[in-house]
Amino acid sequence: MAKKRKGRRPGPSSGRSEPAQAAGAGPAQHRAHKVEARRARELAAKRAQRASVVRRAVVFGLTGVVAFGAFTMLTRASGPHPIPASALAAAKDAGCTPPDGPSTPSNDAPGGLHLAPGASYTYDQHPATSGYHDPNPLPADPHVYTSPVPETNAVHNLEHGYILIYYRADGTDALPADVVARLASLARSETKVIMAPYPDLPTGTSFAVAAWNKLWECPPTVSADQARTITSGFIGAFRATTNAPEPKGP
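Residues numbered from 1 in each chain as written. Predicted model: local features only at pLDDT ≥ 70, side-chain atom pairs only at ≥ 80, totals over all residues. Heavy atoms only, no water.

We now examine the overall build of the protein. For the protein, the count of helices and strands is six helices and four strands. Going from N to C terminus, the protein has its helices and strands arranged as α-α-α-α-β-α-β-β-β-α. As displayed, the protein has an accessible area near 15,100 Å², and 58% of this comes from carbon and sulfur atoms. (Helix = DSSP H or I, 4+ residues; strand = E, 2+ residues; numbered from the N terminus. Areas by Shrake-Rupley, 256 points an atom, 1.4 Å probe, with all protein chains shown as cover.)

Here you go:
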């Protein structure tokens, strides 16, 4: 009698479908992981880009603040300084008048009062220290003139913080030649200082130093040493300071 062949017991029907499902789910899950990874990379890149933009903005902002501060420090004019005691003593010994002018000249005599180019103007004060003026100042060089300069141009220089040295060149009250030479040497060695004859100085005055709305006058008896000390002190007190409306002008 032939032996009965044992048949194999079939497994659960799901056993054969699981590999197919796994094979189908694997690529989909892999693709999902790739999409998620790509999104994560894109998000990280965007965050890094934003952070870089913020860093650059901060750096540029700080650089701008520093540059503005440096520019302000370099371009800001200081206030007027007291006239040195040595200059005041020399002026007193020489018989000069006290420095004339209000304590806040730029407020009492505003700048920017321009005439038409080349127009004439009659000033109440001689020499004039403020008021209407030509739109063009005298050039920075030469520092020393041997003939009178247009006063309307010179007043514009005063508006820009210049110091003008005026002297009487002729007549009984003429400034002595040695004093003229000493003051001319000083004017040539300084910035924003111009020297010129002024025939209409008041009687008894042989030289005067002027800033915006400031005037100091001395008689013909002033010595060369006194004149230089007086003028140097006046320059140090008022040149390129906020005593003038536009002290940083050329």
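Following the structure, the description resumes.
To continue, consider the pattern of salt bridges. All told, the structure shown has two salt bridges when counted by the stated rule. The salt bridge partner of Arg182 is Asp225, with a shortest N-O separation of 2.7 Å. Of this pair, Arg182 sits in helix 5 (residues 177–188) while Asp225 sits in helix 6 (residues 224–238), and the two are 43 residues apart along the sequence. We classify Arg182 as partly exposed; its relative accessible area is 31%. (Salt bridge = Lys/Arg side-chain N within 4 Å of Asp/Glu carboxyl O. Buried < 20%, exposed > 50% of the residue type's maximum accessible area, 1.4 Å probe, protein only.)

Within the fold, Asn157 resides in helix 4 (residues 151–159). The exposure class of Asn157 is buried, given its relative accessible area of 0%. At a separation of 2.6 Å, a polar atom in the side chain of Asn157 contacts the main-chain amide nitrogen of Leu138. Setting aside residues no more than four positions away along its own chain, Asn157 makes contact with Pro137, Leu138, Tyr162, Leu164 and Ile194. (Polar contact = N/O pair within 3.5 Å; in protein donor to acceptor, adjacent residues only side chain to side chain. Contact = heavy atoms within 4.5 Å.)

Attention shifts here to the packing of aromatic side chains. This structure, assessed with the given rule, holds five aromatic pairs. Ring centres of Trp216 and Phe234 lie 6.2 Å apart, and the angle between their planes is 40°; this geometry places the pair in the tilted category. With Trp216 in strand 4 (residues 214–218) and Phe234 in helix 6, this pair connects stretches of sequence that are 18 residues apart. Both residues of the pair, Trp216 and Phe234, count as buried. (Phe/Tyr/Trp six-rings, centres within 6.5 Å; stacked < 30°, edge-to-face > 60°.)

Take the sheet that holds strand 4 next. Taken together, four strands build an open sheet; the order of strands is 2-1-3-4 and the sheet is mixed. Two strands close off the open sheet at either side, each with one partner strand: strand 2 (193–197) and strand 4. For this sheet, the mean angle separating the axes of adjacent strands, direction not counted, is 15°. Bridge count between strand 1 (residues 163–167) and strand 3 (residues 207–211): four bridges; the pairing is antiparallel. (Pairing = 2+ DSSP bridges. Axes fitted to C-alpha atoms, helices over the stretch in contact; angles between N-to-C directions.)

Glancing now at the packing of helix 5 against helix 6. In the contact formed by helix 5 and helix 6, the axes pass within 9 Å of each other and the chain directions differ by 30°. Compared by their axis directions, helix 5 and helix 6 come out roughly parallel. Pair helix 5 / helix 6 crosses with right-handed handedness. Two secondary-structure elements touch here, helix 5 through Asp178, Val179, Arg182, Leu183 and Leu186 and helix 6 through Ala224, Asp225, Ala227, Arg228, Thr231, Ser232 and Ile235. For the contact of helix 5 with helix 6, the residue count by class is six nonpolar, two polar and four charged. (Parallel < 35°, antiparallel > 145°, perpendicular 65-115°, else oblique. Left-handed = near helix turned anticlockwise from the far one by under 90°. Nonpolar A, V, L, I, M, F, W, Y, C, P; charged D, E, K, R; others polar.)

Here we take up the nonpolar core. Met195, Phe207, Trp216 and Ile230 are the most contacted members of the largest nonpolar core, which totals 32 residues. For this core, the elements supplying multiple residues, two or more each, are helix 2 (85–94), strand 1, helix 5, strand 2, strand 3, strand 4 and helix 6. Ranked by residue count, the leading element in this core is helix 6, at seven residues. In terms of nonpolar packing, the next biggest core, distinct from the first, is built from 20 residues, Ala154, Ile194, Leu201 and Leu215 among them. (Core = buried A, V, L, I, M, F, W, Y, C linked by side-chain atoms within 4.5 Å.)

We now examine the confidence of the model for the protein. On average, residues of the protein carry a pLDDT of 84, and 78% of them reach 70 or more. Of the regions scoring below 50 in pLDDT, residues 102–107 engages in 12 contacts with residues more than four places distant in sequence or in other chains. (pLDDT = per-residue confidence, 0-100.)

Now for helix 6. Its 15 residues place the ends of helix 6 21 Å apart at the C-alpha level, agreeing with the 21 Å of an ideal helix rising 1.5 Å per residue. Looking only at helix 6, the buried set comprises Ala224, Gln226, Ala227, Ile230, Thr231, Gly233, Phe234, Ile235, Ala237 and Phe238. Here the buried face of helix 6 lies against helix 2, strand 1, helix 5, strand 2, strand 3 and strand 4. Two residues or fewer after helix 6 comes Ala240, characterised by a positive phi angle close to 55°. (Expected span 1.5 Å × (residues − 1).)

All right, on to a positive patch on the surface then. Residues Lys34, Arg38, Arg39 and Arg41 make up a contiguous surface patch of positive charge. On the secondary structure map, Arg39 appears in helix 1 (residues 13–75). Overall, the relative accessible area of 55% leaves Arg39 in the exposed class. (Patch = residues over 30% accessible without salt bridge, like charges linked within 9 Å, V, L, I, M, F, W, Y side chains within 5 Å. Lys, Arg positive; Asp, Glu negative; His and termini not counted. Charge placed at Lys NZ, Arg CZ, Asp CG, Glu CD.)

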